[in-house]
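Coordinates in review
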Amino acid sequence: MKSFYDFNRSSPQEREEQYKHFPEMALFHIALREELGDEEYQAFYQAEQEAQKRFINPMSYQKAATWATA
């Protein structure tokens, strides 16, 4: 499944799908866009998009099916 930041915001269909799958996040971004200037909001959105790309799930590197205990 796509993350909130993977959708193409230029496409009305994808933007609608984004809002359908992530309603709370969409409302947050609508409110944030109203509070910040356009330049500030774009910078924030780009930073969040980059941070989402760099996220690494540490659980995906575990080979064993059980938790290691100390």
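Scroll up to find the structure this text is about.
Computed from a predicted model, the values in this text were never measured in an experiment. (Residues numbered from 1 in each chain as written. Predicted model: local features only at pLDDT ≥ 70, side-chain atom pairs only at ≥ 80, totals over all residues. Heavy atoms only, no water.)

For the rest of this paragraph, the subject is the overall build of the protein. Along the protein, the regular secondary structure elements total three helices and zero strands. Ordered by position from N to C terminus, the α and β elements of the protein give α-α-α. Residues counted as buried form 17% of the 70 residues belonging to the protein. Counted over contacts in the protein with a minimum sequence separation of 6, partners at least 24 positions apart contribute 30%. (Helix = DSSP H or I, 4+ residues; strand = E, 2+ residues; numbered from the N terminus. Buried < 20%, exposed > 50% of the residue type's maximum accessible area, 1.4 Å probe, protein only. Contact = heavy atoms within 4.5 Å.)

Direction vectors running N to C along helix α2 (residues 23–35) and helix α3 (residues 38–54) enclose 145 degrees, while the axes themselves pass 9 Å from each other. Contact residues: α2 offers F28, H29, L32 and R33, while α3 offers Y41, F44 and Y45. Grouping the amino acids of the contact of α2 with α3 by side-chain chemistry returns five nonpolar, one polar and one charged. (Axes fitted to C-alpha atoms, helices over the stretch in contact; angles between N-to-C directions. Nonpolar A, V, L, I, M, F, W, Y, C, P; charged D, E, K, R; others polar.)

Function cannot be read off these values alone, since they describe shape.
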